[in-house]
Structure formats: C-alpha cells, structure tokens
Amino acid sequence: MSDLRQYLRQDLMPHILCPGCGHGIALRSLLRVIDRGTIPLDRIVLVGGIGCSSRMVGYVDLRTVHTTHGRALTFATGIKLARPELEVIVVTGDGDGLGIGGNHLIHAARRDVDLTCLLLNNATYGMTGGQAAPTAAPGSRSTTTPGGAREPSFDACRLVEAAGASYVARGATSLPLALDDVIAGAIAHSGFSFVEILSDCPEFYGRYNALGRGPDMLQAQRSRVIGPRPEIQLGVLHQRPPALEVQAT
Amino acid sequence: MNELLQGNAACARAALDAGCTFFAGYPITPSSEIAEQMAAALPKRGGVFVQMEDEIASLGAVLGASLAGRRAMTATSGPGFSLMQEHLGYGMYAEIPCVVVDVMRGGPSTGLPTRPSQGDVMQARWGTHGDHPAIALAPASVAEVYELTARAFELSDRLRTPVVLLYDEVIGHLRERVDLAPVSPPPAARAGPDGRSPYAAGEDDVARLPDLGSGQRFHVTGLGHGERGYPTDDPAVVGDLALRLARKVERARAEIAWAETYRTEDADLVVVAYGIVARAARRAVDDGRARGMRLGLFRPRTIWPFPAEAFRAATAGARGVLVAEMNLGQLAVEIERYVPRGSVATLLRADGRPIAPEEIVAAAVRVTDGERVVA
Ligand SMILES: Cc1ncc(C[n+]2csc(CCOP(=O)(O)OP(=O)(O)O)c2C)c(N)n1
Ligand code: SF4
Ligand SMILES: [Mg+2]
C-alpha cells in the first residue's frame, strides 16, 4: 500500500479533528479503498454536508464539494444525473444525514440513483458541541439532554433498506479492515449504496457519558460488534440488483 | 411563428432554447406548468428532469448539476422560494450559475395559491442570510418571459451567480399571441482552466471554476474561502470575498439594469409598476392623459439591482412618483432612496387581486390632490 498522504491536501493541515476522533479512522479506510485503484481518480467526486464527519471531504485532494447541512445527497443526485460517468461518494454524519437531512436520505434510497453514502454515526452533534442526535442511545447524556435522552433512536440501516436502497451495510471504526470491504462493496454496487459507520466522538459524547478517551471508546465499540452473537450486526445487511437505473439518457 | 402561448410555457421554451439541459423541481401552483413542460421535453433531447422531494432538494440538485457542467434551472412559488433561500445563498457564495423562477402568489405561508401577488420582491433581494449580490428580472408579458428567461441564463453563466426570474401568477398563466424570435444558447464561457485557484477572479470579478467532469481537482464550499477555494475566516480574505461578490454584480449593473419608460418626457407624475401591474399602468397613463393629466410610466424589467440611473432620468422633471404594486410597498421602499423625501405615493394591494387601470387613474387624481398612501 502506498503512502495515503498522497491523497490528502497537505496544505490544509493541521486538520480540525480532535485527538482520538473516530472520523479519522473512517477517512483512512476510504483512502485505502481509493488506493486500491479500481476507480480512476479523476472520476471520483466527494460530496459532504456539514459536521465534523462531512468536513472530511475537503481534506481529500480530488473534486470535493462541501455543501449545506443535511443536503449533500441533493447536490450528489444532481451531479450524478448530470454526469453519470462520475463516481459520486457522499460523506455525512448522523445529525446531517438522519436529522436535518433525513428526508433526502430516504428519497435518495427510494430513487436508488447510483451513489455511495457513508454515514458516520457518533451518536452526537460533534461539530456544534455535543447536542443530542437522533441516534443517541436512550439515557445517554448530551448538552441538550442533561438528564439523559428520552427519545428512541434511529436504526439508519433498517430505515434506508425500507426506503429502497439496493446496498446496505454497516462497518465500524474498531474493525477498520472490514470497514474497507463494505466501503469497497458500496462503491462497486450500482444503485444507492449506504454504509453506516460506527464512529466515536470522545471530545463530547465520550466526555459527557464518562466513556473515557478515544482508545477506550474503540474498545467498547469493538466489544459490541464482535463475537458469535454481536449486539450490533456488521457487514452487508441487504443487497439486491438496483431497482432501475435512474440515469441521464 | 405566430402562436398563442402561456407565460409559463414561454419560460420553459426559453430555457430549452437557451441550452438548459437539467431541471429539478417540486410541484407548486402557479409554477407547475414549467416543470411539466420540462419533464416532457428534456428527456427527448438528452437532458435530465428530476422531481425532488422538496424545494431545498430541487435547488441542491440544480447546483450539483451546474457544478457538473449543465445549464440548470428550477421553478417554484413563494413557499418553495422560502425553502430555497439557503441554497440560493450557497449558489451566490460558491459562485454556481443557475436560474430560479419564482411565480409569485399571495402570501405569507400557504397564502393564496391561485392568486397573484408581488410579495417576493424583498425575498428575492434579502431572503438568504448574509451580505450577498442579487439579480432578479421581472417580465410583464409572455414574450418578455421568453426574452428574460433566456437573458437570465446568459447572465447567470457569465457572472456565475443564481439569477431569479420574478413574475406574478397572472403573467405565468396569461395566454398571449406572440411571434418569438428564437434565441440560441449563449456560448459556454463558464469553465476555467485552473483547478488550483478556482476562486481567483478575473478583471470582471468573476471566479473561474472548472466543472466537476473536467478532471481538475478543486474544492467548493459554502464556508468563507480564498482564491484556492479552501475554507478560511481570515478577515482580509473573507472581507475581500464579500466585496468582490458585491462588485461583480455592481460592475454589471449598467448593463443589466433594464427598464422601459413610457410618456415620461413631460410627465408630472411617474407611475412605477412592474409585471402585470405595469400593463394596467400603461393603460392608466393613456386614460389619464386623455383626461388632461400628465402621467408617465417607469417599468423596471430588472428589479435587482434596481435600475436607479434610468429611474432618475425618467423622473428628473416629474413632481411626484406613484408606485403601484401587489404588496404592501416592497419596491416603494427601494424607490424612496432615489427621490426627495415625501415625493413617493403608493397604490398597494395584498388581497390577491391585480390592480386595474381605473384604480391607478383614480389614485393619480388623489395623489395630484396631495394624498400619499392610496389603499
Ligand atoms: C441549517 C443549519 N442548521 C444547523 C447548523 C449547525 N450545525 C453544524 S454541524 C451540525 C451537526 C452535525 O452533526 P453530525 O452530522 O452528526 O456531524 P458530527 O459533527 O457529529 O460528525 C449542526 C447542527 C448548520 N450548519 N446549518
Ligand atoms: S467534536 Fe467529536 S466528532 Fe468532532 S472532531 Fe472532535 S471528537 Fe470528532
Ligand atoms: Mg454526529
């Protein structure tokens, strides 16, 4: 494997991610997949919304579009329909993709346009300082749920599958090589491909819930996703041929 | 070809003739005919039509398609135009050409879906947050919808900024006999060669972004950015950016500030009206003159930036100005900036009904007698 730094905009360093943030592991995984060379570099377009997760697209030295909060999939849909030969990869967060952008997510899944969507789920709104996200575990603390979250949370994968996505997978930053494979699978699949990536925000979610630092959170995450009957299922959860190729004629 | 054509159909026709190959939209009265006609026509000619889940998504898709090198457009009415505001700001800041049609209906909120209004004049100027340039064109006939839609594409491409086409429900649904001289697509003068400094503007203050299919590597963001396109909040850089964007449109103002004047040479009172109201006002000018009043008409075809020079010239010899509009005085506020205090009278309606010529004549009589607000 070559030096992945070649894909980064060195002139933008240092980056904004906190030490121990899970998002960096996810970015590295994406870069390893890009480094496999299966897609010509000059065909890749990365599109992000707003959030620490979405922001990572700007560090990759390709064609990158950092859009508005929750709306990355709408831009991506326009780009893909306008130029079907481009490989469009969206990076979003749980707040971005499931909160403010939830409607766009289900409709992108229903349309089944050939996009790849990576949703980094850290169960919080990291960028704005750790408010409750729609993925926050019931009982978990945040600045807007000081007494513990009372609302149920979303299962992103089931939601997107029900909405019509033809590839749905889950990966985790604690198992990065397996994550590479589901990302590669998502990019290879034509049709709407969705990968939920379990990530961590030690800076806020970790601190407010006394979960320790980055490595501690990774350990805890790992224990929930491995073993014969894991609490959270990883891998490809759903795949079928694309419903119909919605493309420019 | 001499034909009977609807305003919204003229808009769709002009877009196609101007080389628009991408439309994303969401149904809303009184603009839906534009989407329907684009849905019928675009796929046949290799274009793309997509119905999105809402107006936020519609303009998002349009911006994406434009970045990917397509001439792109969406059409809506007040409630949808409100939803589009964040993406309008994105388009202005990241310098992405596109055309947004707002066929105005009564508001606020769901308001009067099938009734005309001119209530979005200020939304077209200041609807999105932050300081930003705005261009909005206001046709007053079916033929002019055709002409100004085509111009909107040309301007938007050249200045790399969203251009709004603003007309009321009556113009949108009006059927008129027209004999259009078909436009041809303007040259694609949009893609720049250098992905390394996509926001380094030329002498015209316009950025030169490559398109996403060009193979160039570059970054686009709605954050403050420098020439390189990378995020920054350096006051010198972001301050310059705000000034450059304002300058870009200001520089073009003389050329894009179109207006029509009618019988203003010797007018005592100049009526200011646009869209369907201007049609009534023109008639009122003739009727008033037949009764011995010296009336004239100033009709901005560009609402933003307001054609201030032409307005000053048209009203230089007049004693007063009467602004007639289907709102509670949105353009009147702008006009007050250009005339001596107290010389603007208004005839305003926000009841979903157009203003009739007789009302304007009657208002002109009362204004001549010294009244200022004629409800
Ligand atoms: C319209 C709008 N509302 C709110 C915000 C503020 N905001 C910025 S990022 C963010 C949350 C991001 O959360 P998530 O997508 O989970 O990303 P993370 O930072 O956790 O990776 C919010 C609410 C915004 N930028 N725009
Ligand atoms: S705030 Fe949280 S999500 Fe954002 S960079 Fe820091 S650790 Fe990561
Ligand atoms: Mg998050």
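Coordinates for the structure precede this section.
Residues numbered from 1 in each chain as written. Chains lettered and ligands numbered in written order. Predicted model: local features only at pLDDT ≥ 70, side-chain atom pairs only at ≥ 80, totals over all residues. Heavy atoms only, no water.

1. Things to note about the interface of chain A and chain B
Taken together, the contacts link 33 residues of chain A with 39 residues of chain B. Carbon and sulfur atoms supply 57% of the area buried between chain A and chain B, which totals about 2900 Å² over both sides. Ranking the residues of chain A by area buried against chain B places A:Arg63, A:His66 and A:Phe75 at the top, with a combined share of 18%. Run the count over chain A and chain B and you get five salt bridges. Salt-bridge contacts for A:Asp61 lead to B:Arg196; the nearest nitrogen and oxygen are separated by 3.5 Å. (Contact = heavy atoms within 4.5 Å. Buried area = accessible area lost by both parts, 1.4 Å probe. Salt bridge = Lys/Arg side-chain N within 4 Å of Asp/Glu carboxyl O.)

2. As for empty space enclosed by the protein
All names here are of chain A. Inspection of the entire model under this criterion finds two cavities of 30 Å³ or more. In this model, the largest cavity occupies a volume close to 50 Å³. Taken together, the elements giving at least two residues each to the lining of the largest cavity come down to α3 (72–82), β3 (87–93) and α4 (94–100). Per-class residue counts for the lining of the largest cavity are five nonpolar, four polar and one charged. (1 Å grid on protein atoms, 1.4 Å probe; cavity = no way out; pocket = protein on both sides within 12 Å on 5 of 7 lines; lining within 4 Å. Points joined across faces, edges and corners; volume = space filled by probe spheres on them. Helix = DSSP H or I, 4+ residues; strand = E, 2+ residues; numbered from the N terminus. Nonpolar A, V, L, I, M, F, W, Y, C, P; charged D, E, K, R; others polar.)

3. Here's the deal with the layout of surface pockets
Volume-wise, the largest pocket comes out at about 590 Å³. For the largest pocket, the lining is made up of 25 residues, of which A:Ala123, A:Thr135, A:Leu198, A:Arg224 and A:Ile232 are closest to its centre. Elements with a minimum of two residues in the lining of the largest pocket: β8 (193–198) and α9 (214–225) of chain A. The dominant element in the lining of the largest pocket, judged by the number of residues it contributes, is α9(A), at four residues. Its residues assigned to classes, the lining of the largest pocket comprises 11 nonpolar, eight polar and six charged. For the second largest pocket, the calculated volume is near 390 Å³. Surrounding the second largest pocket, 21 residues form its lining, B:Gly89, B:Tyr90, B:Tyr93, B:His129 and B:Gly222 being those nearest its centre. Listed by contribution, the elements that provide at least two residues to the lining of the second largest pocket are α5 (85–94) and α9 (235–256) of chain B. Broken down by element, the residue count for the lining of the second largest pocket peaks at five residues, all from α5(B). Residues belonging to the lining of the second largest pocket are distributed by class as follows: eight nonpolar, 11 polar and two charged.

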